[in-house]
Amino acid sequence: KNEVEQSPQNLTAQEGEFITINCSYSVGISALHWLQQHPGGGIVSLFMLSSGKKKHGRLIATINIQEKHSSLHITASHPRDSAVYICAVSQGAQKLVFGQGTRLTINP
Amino acid sequence: DTEVTQTPKHLVMGMTNKKSLKCEQHMGHRAMYWYKQKAKKPPELMFVYSYEKLSINESVPSRFSPECPNSSLLNLHLHALQPEDSALYLCASSQDLRGYGYEQYFGPGTRLTVT
């Protein structure tokens, strides 16, 4: 069993829909990261959080430390949101443990 | 400037070649990373440098040789690679390694093909 599990692995939705991607982890962490990667591209850090909730534009990330669970929400989804979203956790001296990623496709 | 740059963007090399990948950041970050990413897989950590010293080597074969000549630059020297080493090589940096987790800033990657 992976230390970081994401669901779903693949998600296809229509433009405008509310999107939720989930991440569960089984190890102690110092922080949880949500990353975005467009096809063939580099990785962009969306959020780093250790408690509560963060919001940036149409993106919202939440974390529940007790339940070892985080969610990434996208409101009013748009085709440009199509990408792979990766959950990763920091353990100790900054080594990131990655989930397998969620491939999101938003159709117009 | 919150950018990590990597050169070259693409590299094709034969198994007997020697080449180098370069990564640069000017954010004053003191931790720098090399990752390898195969298609449809998450990145795999290769090396971490902290304050220009090698901090983590994830049992990477010696045909990959990292170098951190100063706090802004990170190189990955490649020699006698195998076709299975073909992948996207990502560089990242973060403020520091100690204590609380810091956000990592990733470069666009170098897509390496070994023929």
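Here goes a summary of the coordinates provided. (Residues numbered from 1 in each chain as written. Chains lettered and ligands numbered in written order. Predicted model: local features only at pLDDT ≥ 70, side-chain atom pairs only at ≥ 80, totals over all residues. Heavy atoms only, no water.)

1. A few points about the pattern of salt bridges
Residue and element names in this part refer to chain B.
Stage number 1. Counted under the stated rule, the structure contains five salt bridges over all chains.
Stage number 2. Residues Lys36 and Asp85 are paired through a salt bridge, measuring 4.0 Å at the closest nitrogen-oxygen approach. A residue pair is termed long-range when its members are at least 10 positions apart, and Lys36 in strand β4 (residues 31–37) and Asp85 in the loop between β8 (73–79) and β9 (87–94) qualify at 49 residues. No difference in accessibility class separates Lys36 from Asp85, as the two residues are buried.
Stage number 3. Here Asp85 and Arg63 are joined by a salt bridge, their closest N and O atoms 2.7 Å apart. Here Asp85 is found in the loop between β8 and β9, whereas its partner Arg63 is found in the loop between β6 (53–57) and β7 (64–70), with 22 residues between them in sequence.
Stage number 4. Judged by relative accessible area, Arg63 falls into the partly exposed class, the value being 24%.
Stage number 5. When salt bridges that share partners are traced, they join Lys36, Arg63 and Asp85 into one network. (Salt bridge = Lys/Arg side-chain N within 4 Å of Asp/Glu carboxyl O. Helix = DSSP H or I, 4+ residues; strand = E, 2+ residues; numbered from the N terminus. Buried < 20%, exposed > 50% of the residue type's maximum accessible area, 1.4 Å probe, protein only.)

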